[in-house]
Amino acid sequence: MSKQAATDSHQNNTPDLKSSPPNAYDKGARRLAYIALFLSIMIFLFGDDIVAKKVVPFINVYGPQFLTGVNGLEGSIAILNVLLAAFVLWDPQTRQAIKDADNTSTPATTKNSFRKLMLGWRLLWLGHMSFYSWLLIHWFGLHNFVHPAWTWYIADAIHMLIGFFYYYLFFVLDPPSVTTELKPNSAIVFRRGVIAVLVFGCIVFIASMLVDWYNSTAAQVRITDIFVHKLIPAYTAIGMAFFIGRLDSHYLRIPRVILAPLYLYVLVQLLWSRVEATDLPKVNTERVAIISLALILKFVFFYSVAKWIRNGGFLQYLIKIEGDRNK
């Protein structure tokens, strides 16, 4: 087979996003982004009042057991997060996209990079599932068996790992992440970056836990409004910003309106310290509003990224950036 024929075959087996017009799925993503932004504004403006004056009275009438003895309202939202993460991990269309990528005539290095991307994607959602599973059993009664401080230390550790997976996804899309026979050292930057952010995340977690433990011991009660509780959310938010910044590539042709809820999702991470609280079983209206907002924006994040996995956008991105590196 000639070099030209191989090139033609390569082009026929990978999607060309530049030549494809916006489809109904793009329109659906735009509509979802607008809806998410509208709901986000409403939550910021009226979230506490809606929970306190509408949601809680409704539950008092039709499901009072959710407001007595457990934080059932928060736990129910956590269940929705777990179900979303479970769907992402099961998603047959994503699994089919991985199989299709293996069957294309793209270079082996691109396929390996795509596999690493999919590994990071699944680990990210496995982290989300673990995180909200831990929170829901806490809100549904774990506080009776585990000291609240240790409950939140474990939650912070999982939160840090979620942040690390965002950094991992960013590094897969940025420097070369696989080695070749001609370039055996090409993935050194990738490995160093991954190790560095993991070590830094562990340092951040240990430092924040020690400072929190010291303050709690001195005050004989856990203080949830000190600045150290924003350290791990900041670590995670930066990792998210790095990854979402990569989604802004012109190769992916992401509708710009979708970037707004995605970056808002980054900012919401800094509100995590408002979620950490030991007021059980009292309903915390601010906490309910925050985790509801996070769930809405998380769904937009899943929908957007899954789109570019399924239509070959990420595979095309990896092909193009590897082509640029070889020029």
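Scoring rules and cut-offs
- Residues numbered from 1 in each chain as written.
- Predicted model: local features only at pLDDT ≥ 70, side-chain atom pairs only at ≥ 80, totals over all residues.
- Heavy atoms only, no water.
- Helix = DSSP H or I, 4+ residues; strand = E, 2+ residues; numbered from the N terminus.
- Buried < 20%, exposed > 50% of the residue type's maximum accessible area, 1.4 Å probe, protein only.
- Contact = heavy atoms within 4.5 Å.
- Patch = residues over 30% accessible without salt bridge, like charges linked within 9 Å, V, L, I, M, F, W, Y side chains within 5 Å.
- Areas by Shrake-Rupley, 256 points an atom, 1.4 Å probe, with all protein chains shown as cover.
- Salt bridge = Lys/Arg side-chain N within 4 Å of Asp/Glu carboxyl O.
- Core = buried A, V, L, I, M, F, W, Y, C linked by side-chain atoms within 4.5 Å.
- Polar contact = N/O pair within 3.5 Å; in protein donor to acceptor, adjacent residues only side chain to side chain.
- Phe/Tyr/Trp six-rings, centres within 6.5 Å; stacked < 30°, edge-to-face > 60°.
- 1 Å grid on protein atoms, 1.4 Å probe; cavity = no way out; pocket = protein on both sides within 12 Å on 5 of 7 lines; lining within 4 Å.
- Points joined across faces, edges and corners; volume = space filled by probe spheres on them.
- Nonpolar A, V, L, I, M, F, W, Y, C, P; charged D, E, K, R; others polar.
- Expected span 1.5 Å × (residues − 1).
- Lys, Arg positive; Asp, Glu negative; His and termini not counted.
- Charge placed at Lys NZ, Arg CZ, Asp CG, Glu CD.

### Here's the deal with the overall build of the chain
Looking only at helices and strands, the chain has 12 helices and zero strands in total. Across the chain, helices and strands are ordered from the amino to the carboxyl terminus as α-α-α-α-α-α-α-α-α-α-α-α. Expressed as a percentage of its 327 residues, the buried residues of the chain come to 49%. In the chain, of all internal contacts separated by at least 6 residues, the share reaching a separation of at least 24 is 80%.

### Comments concerning a nonpolar patch on the surface
A contiguous nonpolar surface patch, about 370 Å² in accessible area, is contributed by I41, L45, F46 and I50. Mapped onto the elements of the fold, L45 is located in helix α2 (residues 24-62). Among the residues examined, L45 registers a relative accessible area of 54% and is labelled exposed.

### Brief notes about the nonpolar core
Ranked by size, the top nonpolar core spans 92 residues in total, and within it F114, W121, L124, W125, F243, F301 and F314 carry the most contacts. Per element, the largest residue contribution to this core is 17 residues, and it comes from helix α6 (residues 148-173).

### Quick word on the environment of K298
For K298, the location among the structural elements is in helix α11 (residues 285-310). Sequence-distant contacts of K298, defined by excluding residues within four places in its chain, comprise N81, L84, W125, H128, Y132 and Y265. One polar contact links K298 to N81, side chain to side chain, over a distance of 2.8 Å.

### Section: the packing of aromatic side chains
Per the counting criterion, the structure on display carries 23 aromatic pairs. Ring geometry for F87 versus F302: centroids 5.8 Å apart, planes at 90°, classification edge-to-face. Placement of the pair is F87 in helix α3 (residues 72-90) and F302 in helix α11, with a sequence separation of 215 residues. Note on F87: relative accessible area 35%, which makes it partly exposed. By relative accessible area, F302 is classed as buried at 5%. Residues F131 and W272 carry aromatic rings whose centres are separated by 5.2 Å and whose planes lie at 55° to one another, so their mutual orientation is tilted. Of this pair, F131 sits in helix α5 (residues 108-139) while W272 sits in helix α10 (residues 272-275), and the two are 141 residues apart along the sequence. No difference in accessibility class separates F131 from W272, as the two residues are buried. One aromatic cluster is present, built from ring pairs that chain together F87, W90, W121, W125, Y166, F243, Y265, F299, F301, F302 and Y303.

### Looking at empty space enclosed by the protein
Taken as a whole and assessed by the stated rule, the structure comprises four cavities of 30 Å³ or more. A volume near 200 Å³ is recorded for the largest cavity. What lines the largest cavity is a set of 18 residues, among which F131, Y132, Q269, W272 and A294 lie closest to the centre. Counting only elements with at least two residues in the lining of the largest cavity, the list comes to α5, α6, α9 (256-268), α10 and α11. Residue classes in the lining of the largest cavity are distributed as 13 nonpolar, four polar and one charged.

### Description of α5
Note on helix geometry: an α-helix contains 3.6 residues per turn, so any two residues three or four positions apart are oriented the same way. If you check α5, its first and last C-alpha atoms are 46 Å apart, about what 32 residues at 1.5 Å a residue would give, namely 46 Å. Directly after α5, the chain includes G141, whose backbone phi takes a positive value near 135°.

### Focus: the environment of M42
By the element assignment, M42 lies in helix α2. Sequence separation between M42 and L293 is 251 residues, and the spatial gap between their C-alpha atoms is 9.8 Å.

### Focus on the environment of F46
Within the secondary structure layout, F46 lies in helix α2. The class of F46 is partly exposed, set by a relative accessible area of 41%. Distance in space between the C-alpha atoms of F46 and A289 is 9.1 Å, their sequence separation being 243 residues.

### Quick look at the side chain of T236
Relative to the helices and strands, T236 is located in helix α8 (residues 231-247). For T236, a relative accessible area of 1% puts it in the buried group. What T236 contacts, discounting residues up to four positions off in sequence, is H159, M160, G163, Y166 and Q269.

### Regarding α8
For α8, spanning 17 residues, the distance from its first C-alpha to its last is 25 Å, which sits close to the expected 24 Å at 1.5 Å a residue. For α8, every residue scored as buried is listed here: I232, P233, Y235, T236, A237, G239, M240, F243, I244 and L247.

### Some thoughts on a positive patch on the surface
On the surface, a cluster of positive charge is contributed by K27, R30, R31 and R253. Assessed through its relative accessible area of 53%, R31 is described here as exposed.

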